[in-house]
Amino acid sequence: MSIKLLKNPSDLHELQDDLESFCYVMLYLALRYLPHNKVSVLPAIMAKVFEHHYNVPTAVLGGEGKSAMVHDQSYIGPDLEFTNNEPLTTWIQIALIVIKDWYYYLDYLRRRKYALPGTSINSMAHAGGLKLEDRSMKDHHDLDRNFHTALEKTWPSNEKVVDHLPLKGKNFYKKRKQEGADEESTRKKSKSSTSHATPSSPQLSGQRPRRTGLRSGPKLNDERK
């Protein structure tokens, strides 16, 4: 899922979110099953980049790990390299640069919206600023071209697929995934039970709780006065 939707699930789902998600799927599969120079830290990459999340009263949010990776090369590092696979290494590096450029553009739009007169961002906006048509993620064509360019190069042959995520890492990853599913299920059940619950009157101070099957209320005197 894209950084934008992980941080704000109610935001508009756009083409760029799907393009970004596709790049993350490629990166995840390549990191987990192909040889590369980050195998020793793979459990941390999976936990921090792909599984980072936190709870708020109305949703489960995330995206901080992916954002750090895209903007600062955190976790994977700037030297990520797939063994004897220059086409894939180049494709992923370009894809991350394209995603970073898109978020730079989104941040520019936000800053321009709230820029004070006379500030550099305001002057940049009046001078033309960043334009959508200049962004590689304005549509799918640039990423598609990058993909076809990579496929035209020479790829490793007879490369065995190996799951590089250690057993401990697999269990940790599976546990985190199950915890997230349990949290989501609990939140939905809580929301459902709350919405269907019959409102009850607050118990009066000093009043005993009612017992099922018994008549409640004060006893009536048998003798009339």
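What comes next is a walk through the structure. (Residues numbered from 1 in each chain as written. Predicted model: local features only at pLDDT ≥ 70, side-chain atom pairs only at ≥ 80, totals over all residues. Heavy atoms only, no water.)

Over the atoms rolls a probe the size of a water molecule, and its path tells where empty space is left. The space that makes up the second largest pocket amounts to roughly 320 Å³. Lining the second largest pocket are 13 residues, and of these Tyr-103, Tyr-104, Leu-106, Asp-107 and Arg-110 sit closest to its centre. Contributions of two or more residues to the lining of the second largest pocket are made by α1 (3-7), α4 (64-72) and α5 (86-113). Taken together, the residues of the lining of the second largest pocket sort by class into six nonpolar, two polar and five charged. (1 Å grid on protein atoms, 1.4 Å probe; cavity = no way out; pocket = protein on both sides within 12 Å on 5 of 7 lines; lining within 4 Å. Points joined across faces, edges and corners; volume = space filled by probe spheres on them. Helix = DSSP H or I, 4+ residues; strand = E, 2+ residues; numbered from the N terminus. Nonpolar A, V, L, I, M, F, W, Y, C, P; charged D, E, K, R; others polar.)

Below, the discussion takes up α4. The set of residues buried in α4 consists of Gly-65, Lys-66, Ser-67, Ala-68, Met-69 and Val-70. Buried residues along α4 sit against α1, α2 (15-33), α3 (42-50) and α5. The positive-phi residue at the C-terminal boundary of α4 is Gln-73, with phi of around 55 degrees. (Buried < 20%, exposed > 50% of the residue type's maximum accessible area, 1.4 Å probe, protein only. Contact = heavy atoms within 4.5 Å.)

Looking now at the nonpolar core. Within the largest apolar cluster, 37 residues are counted, with the highest numbers of intra-cluster contacts made by Leu-31, Phe-50, Met-69, Phe-82 and Ile-92. Sorting the residues of this core by element identifies α2, α3, α4, α5 and α7 (141-151) as the ones contributing at least two each. Not counting the four nearest positions on each side in its chain, Met-69 is found in contact with Tyr-24, Leu-27, Val-49, Ser-74, Ile-76 and Leu-96. (Core = buried A, V, L, I, M, F, W, Y, C linked by side-chain atoms within 4.5 Å.)

The next subject is the side chain of Glu-20. Counting through the fold element by element, Glu-20 comes out in helix α2. Of the side chains with opposite charge, Lys-66 lies nearest to the buried Glu-20, which makes no salt bridge, at 6.5 Å. If sequence neighbours within four positions are ignored, Glu-20 has contacts with Ser-2, Ile-3, Ile-99, Tyr-103 and Met-137. (Lys, Arg positive; Asp, Glu negative; His and termini not counted. Salt bridge = Lys/Arg side-chain N within 4 Å of Asp/Glu carboxyl O.)

A few words on the pattern of salt bridges. Throughout the structure, instances matching the rule amount to nine salt bridges. The salt bridge partner of Glu-14 is Lys-4, with a shortest N-O separation of 3.0 Å. With Glu-14 in the loop between α1 and α2 and Lys-4 in helix α1, this residue pair connects regions lying ten residues apart in the sequence. On the basis of relative accessible area, Lys-4 is assigned to the buried category, the value being 14%. With its nearest N and O atoms 3.5 Å apart, the salt bridge here joins Glu-86 to Lys-153.

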